[in-house]
Amino acid sequence: MSLKKFSELFGDLDSINSTNSKIEVLKNYFLSNDPIDNSWAIYLLTGKNNKRFISGRYLKNLFSQIYEYPHWLIDTCYLKVGDSAEVITLLLKNKTISRKKKLSNISLNELLSETLPALSKLNEEEKNLEIKNLWETLPEDNHLIFNKILTGTFRVGVSIGLITKSISKLINIEEEIISHRLMGDFKPSIDSYEFLINKNINLQELNSKPFPFLLANTIEDKIFKNSINDFQFEWKYDGIRMQLIKRSGNVSLWTRGQELVNESFPELVDKMSHIKDDFVLDGELLVWNFKEQIAFDFSLLQKRINRKSPTRLIQIKYPIIFIAYDLLEINGRDIREIKLENRRIELEKYFSKWQIKTENNISDIFKLCDLIFPKDWPDALTYKEKSRENNTEGLIIKKKTSIYSSGRKKGIWWKYKVDPMQLDAVLIYAKGGSGRRAGLYTDYSFALWKDKELIKFASAYSGLTNIEIKELDRWIRRNTIEKFGPVRSLKPEMVFEISFEKIQISKRHKSGIAVRFPRITKWRKDKKINDADSLENAYELMKKI
Amino acid sequence: MRTKQEYLIRYKDGNLYCELADIWIDPSKPVKKALITHAHFDHFTFGCEEYISTKETAILLKERVGDNIKIKTFEYGEEFKINGINISFHPSGHILGSSQIRFIFAEEKWLISGDFKLQKDQTCKQYEIVKTDYLISECTFGLPIFKWDQSNKIANDISKWITNSPEKTSLLFCYSLGKAQRLLNEISQTNFKGNIYSHGSIHKMNNIYRELGIDIKDTIKIENKKKIDELKGSLILLPPSLSKGSYLKNFKNIQTAFASGWMSIRALRKRSGYDKGFSISDHADWDGILEVVKKSEAKNVFFHHGDSEALSKYLVEKESINVLLFGK
């Protein structure tokens, strides 16, 4: 089976919007291709590994060198297209359309298991020649896929869930099992594909399967009509939502994104395996400030997430904790159908037992989520407003009589988040977007007043509608003061309301402050630049916390 | 070197203007005398005292502006004189009746390319190479990322797109004048043998094309009350203005596509909101523009209608052609 088939699959998936049609297309692809090619296809589509053989810049330089093409021309084209692999693909069309060389019909497997690995072993000169040779012998409609794989930028609008669904349909086995089979390390091979489509379910393999997560809805006004005593209140932590599973003695950590992350947090796996009971806990993983008993910023947790087998030093520097919200299974007994208030009683009971009976001290890595007990709804509001002080995002409100169902079920759990902080700022720079936003100015920088000067304080990309983006793009082109490469400095005229979650001192920025998750929440056409906020206003926000 | 005011043709109020003949080319506001290169809406305006064009353009123009306009027509290649300037129309290959316009005054030749393409198109006359001293060229697609495929390849892709989804109604959006007729002509030569419907605005243009002797496949005028089942597996041609809004609610189980040169870029394709894009254009691609610039033997070139920065720099650096800028 050829690379061409995979190119066609990519084209189809790229141009179909309906989920059902995508599943159908995938199913048909799997049916009509070899197991080994299917295995590679799944590997690429699920983004398991995007190894970069050469960089986008290298690709552009190579093209420029081989075909004597000016760099500036390639760069101008890039601004329009927003993707190196695609620019070179489009430019190659000009170069290979009249070629005479015999075309090769290489398979996806050959490309990924032979051609590309061999490429990495060549010296630069040989490598360049080989890429040129591939460009000239691969059929034109394979160029995009080839260039994307080469630069490690292969991506398509297909989620793991979609792959899971299509394989589930293909062999008529429930999705959760396929989803589990796809977890962890997936090495493309005939075996791994055969395992994936095996119709016999091995009970062992189900053993570490997490339950579908129950998610909270945004707060609704009608909730305030109910008695406060009907609800359980917890802090909303900003960490990794996780199920901590111990079955048949084996511990597994599953994130809400259905990733098995045992390797990133070995100290937690180790400690929990000393507990005598089997269980499934729903909770949150955080990097914990033990002195003050509050969570550290999410940015510290990021230092742990993608690091497998962290050193002892890393473990000490970024100490983690698992905060349990809920108990879903105990010693093989699924208790999700029991009321929340009773599950909480079970959870507390077992937690005290484990604290006493477990050989190693577990409380330095595992604790229960403290409950909050507001007197009435205004009191709940006060708690919510205080949540920034302990680094939480607000409150989670759970109905005491609810069972643990799945998904974003209405009327069971709510999130009551703190309002974002806001400042009105002036647009001063714009930069061309990439990918889907190529050719439009979509990356913006905003400034606040300091005396008579505008000082940049944040960049934001999201929040405008497509119509607003186009309108602003036209304005930007007409009101440019200077161009620096892809960046334009702009006439200070437009005011936007910028919302963000956190504000802190930063020595790295000229403004002296850094904000988290800045986003545009309103185009303040009603405001003149003199109405925009000053850095003073920003410092005041900081004092309030 | 001459100042901008001394050029035979220059930019005035955002339009091309020849002062010596007091005549405008494709003006966007009402004027006394207007030369019209072709009948697309962005190339003429209502209310000019007198229009001058090719015969085909005149017929299309009357359809759009009304019968009561004063319009003078000339054959391709036929020279006429205004204030001592020799003017003639030449085929530009863009759509039926489209033309380049040549001016000759005191042995100096000027050529306005109009919108043009070099690609084969059975619904209009092939682009004619015209030699000139000064060339004013469009450059809508003035970057080397634009390289058109043969139109029969695109037609085959469209045919496959429809027949691969026999349960669906395929809506293909395209400009009602020119692109629609070219697509019909090409699609009728593919394996697709199902029904083709077209929107009233397209249907009207098809009829004019046919009356002017162009071979256009018969299509059914789409009625709002068509039964859904009848439309299954068929192709419907619609103008892009209907792609947003409530019109699409008339159909069930649809797939949509847009036929335009811009669709060759993935980001634009994604942003357009159509399921699919077919990259077919009635404008010249990068190579097409370069070929025309070279074959016209023009020593001086102006560009308009497009981003000309890169193209200009390329011509100056690589081809040593003098590219001039309009003072707008």
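Description of the overall build of chain A
Counting its secondary structure elements, chain A contains 20 helices and 21 strands. Taken along the three principal axes of its C-alpha coordinates, chain A extends 80 × 70 × 45 Å. Taking the intrachain contacts of chain A between residues at least 6 apart in sequence as the baseline, contacts between residues at least 24 apart amount to 71%.

Quick word on the overall build of chain B
When helices and strands are tallied, chain B shows eight helices and 19 strands. Each of the three principal axes of chain B carries a C-alpha extent, and together these read 65 × 50 × 30 Å. The burial tally for chain B puts 48% of its 328 residues in the buried class. Across chain B, contacts joining residues at least 24 apart in sequence account for 58% of those joining residues at least 6 apart.

Notes on the sheet that holds strand 14 (residues 220-221) of chain B
Residue and element names in this part refer to chain B. The six strands lie next to each other as 14-13-15-12-16-17, forming an open sheet whose pairing is parallel. Since the sheet does not close on itself, it has two edges, and those belong to strand 14 and strand 17 (276-278), each with one partner. One ladder, built from three bridges, connects strand 16 (residues 254-259) with strand 17; its direction is parallel. By the bridge assignment for strand 17, Ala259 is matched with Phe278.

A word on the interface of chain A and chain B
With 20 residues of chain A at the contact, the number on the chain B side is 16 residues. Listing elements by their share of the side of chain A that touches chain B, those giving two or more residues are helix 5 (71-81) and helix 6 (84-96) of chain A. Ranked by residues supplied to the side of chain A that touches chain B, first place goes to helix 6 of chain A with six residues. Here the side of chain A that touches chain B is composed, by residue class, of eight nonpolar, seven polar and five charged.

So, the nonpolar core
Grouped together as the largest cluster of nonpolar side chains are 139 residues, with contacts concentrated most on Cys77, Val81 and Val87 of chain A together with Leu172 and Ile236 of chain B. Discounting residues that sit within four places of it in the chain, Val81 of chain A has contacts with Glu86, Val87, Leu90 and Ala438 of chain A together with Ile145, Ile265 and Ala267 of chain B. Core analysis: the next-biggest nonpolar cluster, separate from the first, contains 41 residues, Trp254, Phe265, Ile397 and Trp413 of chain A among them.

Focus: helix 7 (residues 108-121) of chain A
All names here are of chain A. Over its 14 residues, helix 7 extends 20 Å from the first C-alpha to the last, a length consistent with the 20 Å expected when each residue adds 1.5 Å. Along its length, helix 7 shows its largest kink, about 30°, at Thr115, and proline Pro117 lies within four residues downstream of that point. Considered for burial, the residues of helix 7 that qualify are Leu108, Asn109, Leu111 and Leu112. On its buried face, helix 7 sits against helix 1 (3-15) and helix 3 (35-45).

Regarding the confidence of the model for chain B
Chain-level pLDDT for chain B is 92 on average; 96% of the residues reach the 70-or-more range. Quick note on the complex model: pTM equals 0.74, ipTM equals 0.91.

Observations regarding the sheet that holds strand 5 (residues 50-54) of chain B
Residues and elements named next belong to chain B. If you trace the six strands from one edge of the open sheet to the other, you get 1-2-3-4-5-6, paired in mixed fashion. Taken across any chain shown, the strands that pair with only one partner, and hence form the sheet edges, are strand 1 (10-12) and strand 6 (71-74). Direction aside, neighbouring strands of the sheet carry axes that sit 35° apart on average. Across the sheet, helix 1 (residues 55-65) lies against strand 5 and strand 6, angled at about 130° from strand 5, the strand it touches most.

Focus on the packing of helix 1 of chain A against helix 2 (residues 19-32) of chain A
All names here are of chain A. Packing of helix 1 against helix 2 brings their axes to within 10 Å, and their N-to-C directions diverge by 170°. Judged by the angle between their axes, helix 1 and helix 2 are roughly antiparallel. Residues Leu9, Asp12 and Leu13 of helix 1 pack against Lys22, Val25 and Tyr29 of helix 2. Among the residues making up the contact of helix 1 with helix 2, the classes are represented as four nonpolar, no polar and two charged.

Side note on the pairing of strand 15 (residues 235-238) of chain B
Residues and elements named next belong to chain B. Residues Leu235 and Leu237 line one face of strand 15 and the alternating positions Ile236 and Leu238 line the opposite face, and both faces are buried. Pairing geometry for strand 12 (residues 169-173) and strand 15, over four bridges, is parallel. Of the residues in strand 15, the one forming a bridge with Leu172 is Leu237. Where strand 13 (residues 196-198) and strand 15 come together, three bridges link them in parallel fashion. Looking at strand 15, one finds that Ile196 is bridged to Leu235.

Observations regarding the environment of Arg312 of chain A
Within the secondary structure, Arg312 of chain A is located in helix 16 (residues 312-317). Along the backbone, Arg312 of chain A and Glu267 of chain A are 45 residues apart, and their C-alpha atoms lie at a distance of 9.3 Å.

Remarks on unusual backbone geometry
Residues and elements named next belong to chain A. In this model, Ser309 sits at a positive phi of 45°, which is unusual for a non-glycine residue. Here Ser309 lies in the loop between helix 15 (298-305) and helix 16. Overall, Ser309 belongs to the exposed group, with 8 C-beta atoms counted inside 10 Å. Not every positive phi belongs to a glycine, and Phe517 is a case in point at roughly 50°. As for its position among the elements, Phe517 is in the loop between strand 20 (513-516) and strand 21 (519-523). We classify Phe517 as exposed; it has 12 C-beta atoms within 10 Å.

Looking at the environment of Ala284 of chain B
Among the structural elements, Ala284 of chain B can be located in the loop between strand 17 and helix 7 (286-295). Setting aside residues up to four positions removed in sequence, Ala284 of chain B forms contacts with Phe116, Lys117, Leu118, Phe141, Ile289 and Val292 of chain B.

Topic: the environment of Asp12 of chain A
Residue and element names in this part refer to chain A. By the element assignment, Asp12 lies in helix 1. The class for Asp12 is partly exposed, based on 19 C-beta atoms found within 10 Å. Asp12 sits ten residues away from Lys22 along the chain, and the two C-alpha atoms are 8.0 Å apart.

Definitions and cut-offs
Residues numbered from 1 in each chain as written. Chains lettered and ligands numbered in written order. Predicted model: local features only at pLDDT ≥ 70, side-chain atom pairs only at ≥ 80, totals over all residues. Helix = DSSP H or I, 4+ residues; strand = E, 2+ residues; numbered from the N terminus. Contact = placed C-beta atoms within 7 Å. Buried ≥ 20, exposed ≤ 12 C-beta atoms within 10 Å, placed from the backbone. Pairing = 2+ DSSP bridges. Nonpolar A, V, L, I, M, F, W, Y, C, P; charged D, E, K, R; others polar. Core = buried A, V, L, I, M, F, W, Y, C linked by C-beta atoms within 7 Å. Expected span 1.5 Å × (residues − 1). Bend = angle between axes of the 7 residues up to and from the residue. pLDDT = per-residue confidence, 0-100. Axes fitted to C-alpha atoms, helices over the stretch in contact; angles between N-to-C directions. Parallel < 35°, antiparallel > 145°, perpendicular 65-115°, else oblique.

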